[in-house]
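# An overview of the molecular structure
One letter stands for each residue in the lines below.
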Amino acid sequence: MEILHGTHEYSMRANWKMLVENSTDGYHLMSTHQRYLEMAKASGADFTAMPSTRGADLGNGHIVAESRGGCYGVGRPPPNDDVRAKWDARRAELEQRYGAEWVGRMYGTRNLVIFPNLVIIDLIGGIVVRKIDPVRPDYLEVSAWELAPVGEDAELRSLRLDNFLTFWGPGGMATPDDVEALECCQRSFATLPGSRWSDISRGMSRDVATGFDEYHIRSFWRHWNELMTGEPAVPEEHGVPEPFTVQRPEPSAASV
Ligand SMILES: [Fe+2]
């Protein structure tokens, strides 16, 4: 894998931990980014197959929201039959090496937080590496890059970059919506003296939560609280998502 040339740089008048929450919550895509999704649907994306999702506590504050299924990671589909054929051939090659079940997981999505402020988002037809810099309690700066396979076919690379620029960054169809939403939240918190916490309780009353709940975000906050106060984090008994059971197989001997 390689980091591609070019950087997205932007800022928000919001606390950096809200962007951590935003980077890995599984539900705001549908509402906050409806404008993008309508465009993608108009260009041929099929959102009828809802993915299976889970959130996971990876320990030491590291968390992930993951899905299996979905369509091109919610990005725009290949623009013509030639690119689609290359796309399908790449997947077929991977399935030959790793089996369809594992590749089904590979072609899902991942929103990963490496505690505390590094985010890797495998979504929208590509992988974004995002560094969040907390400049002030109410102001953050972001640097972001695209991560891609070395030696990728030129047309597949072009599709990847098209999705990167169409969704992400200050000129994308999604990031400005996130900026606006988080700055609105920051202003609202500022009007509530004594308000100390984000409400991250979604899914706490469920026996088994999903990636659309907030179990994994609470895991981030538990570790943060432990570091700030010295109070040992208490694991949750309810609202814990079930893990995905499929594991990475050894590559088939024929492809090695
Ligand atoms: Fe967003």
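Shown above is the structure to which this text applies.
Residues numbered from 1 in each chain as written. Predicted model: local features only at pLDDT ≥ 70, side-chain atom pairs only at ≥ 80, totals over all residues. Heavy atoms only, no water.

### A short note on the coordination of the iron ion
Worth spelling out the cut-off: Here the term donor refers to an N, O or S atom within 2.8 Å of the metal (or 3.2 Å for Na, K and Ca), and because water is left out of the atoms, sites may appear incomplete. Key to geometry: four donors with every angle between 85 and 135 degrees are tetrahedral; four donors are square planar and six octahedral where opposite donors lie over 155 degrees apart and all remaining angles lie between 65 and 115; all other sites are irregular.
Around the iron ion, the donor atoms from the protein are His28 (NE2), His33 (NE2), Asp178 (OD) and Asp178 (OD), and they sit 2.1 to 2.3 Å away. Viewed at the metal, the four donor atoms of the iron ion are separated by angles of 57 to 143°, and the geometry they form is irregular.

### Observations concerning the packing of helix H4 (residues 81-98) against helix H6 (residues 154-167)
Where we set the bar: Convention adopted: a line fitted to C-alpha atoms gives each axis, helices being fitted over their contacting stretch, and angles between N-to-C directions are expressed from 0 to 180 degrees. A helix here means a DSSP run of H or I that spans at least four residues, while a strand means a run of E at least two residues long, and both kinds are numbered starting from the N terminus. In these notes the angle categories are as follows: under 35 degrees is roughly parallel, over 145 is roughly antiparallel, 65 to 115 is roughly perpendicular, and the rest is oblique. In what follows, residue pairs with any heavy atoms lying within 4.5 Å of each other are defined as contacts. Amino acids are sorted into nonpolar (Ala, Val, Leu, Ile, Met, Phe, Trp, Tyr, Cys and Pro), charged (Asp, Glu, Lys and Arg) and polar (every other residue, Gly among them).
Axis separation between H4 and H6 bottoms out at 9 Å; the angle between their running directions is 95°. Considering the angle they form, H4 stands roughly perpendicular to H6. The residues of H6 that touch H4, namely those facing Val83, Lys86, Trp87 and Arg90, are Glu155, Leu156, Leu159 and Arg160. For the contact of H4 with H6, the class distribution of residues is four nonpolar, no polar and four charged.

### Examining the environment of Asp46
When you line up the elements, Asp46 lands in the loop between helix H3 (34-42) and strand S3 (52-59). The spatial distance from the C-alpha of Asp46 to the C-alpha of Pro77 is 8.7 Å, given a sequence separation of 31 residues.

### Details of the packing of helix H1 (residues 16-24) against helix H7 (residues 175-190)
As a reminder, the rule being used: By definition, turning the near helix anticlockwise from the far helix through less than a right angle yields a left-handed crossing, and turning it clockwise yields a right-handed one.
Contact geometry of H1 with H7 gives a least axis separation of 11 Å together with a crossing angle of 135°. By the angle between their axes, H1 is oblique relative to H7. The interaxial crossing formed by H1 with H7 has right-handed handedness. Only Asp178, Leu182, Cys185, Gln186 and Phe189 of H7 make contact with H1, whose side of the interface consists of Met18, Leu19 and Asn22.

### Observations concerning the pattern of salt bridges
Here is the rule we go by: One side-chain nitrogen of Lys or Arg within 4 Å of one carboxyl oxygen of Asp or Glu is enough to make a salt bridge. When accessible area is computed with a 1.4 Å probe and restricted to protein chains, residues below 20% of their type maximum are described as buried, those above 50% as exposed, and intermediate ones as partly exposed.
Going through the model one piece at a time under the given rule, you end up with 21 salt bridges. With a shortest N-O distance of 3.1 Å, Asp153 and Lys86 are connected by a salt bridge. In this pair, Asp153 sits in the loop between strand S8 (139-148) and H6 while Lys86 sits in helix H4, placing the two residues 67 residues apart along the sequence. Looking at Asp153, the relative accessible area reads 29%, which means it is partly exposed.

### A short note on H3
Put simply, the test is: Note: the arc covers the axis-to-C-beta directions of the helix.
Listed as buried for H3 are Tyr36, Leu37, Met39 and Ala40. One face of H3 carries all of its buried residues, which in axial projection span an arc of 160°. In H3, those exposed residues whose orientation departs by more than 90 degrees from the buried face are Lys41 and Ala42. On its buried face, H3 is in contact with helix H2 (28-32) and H6. Once H3 ends, the next one or two residues include Gly44, with phi positive near 110°.

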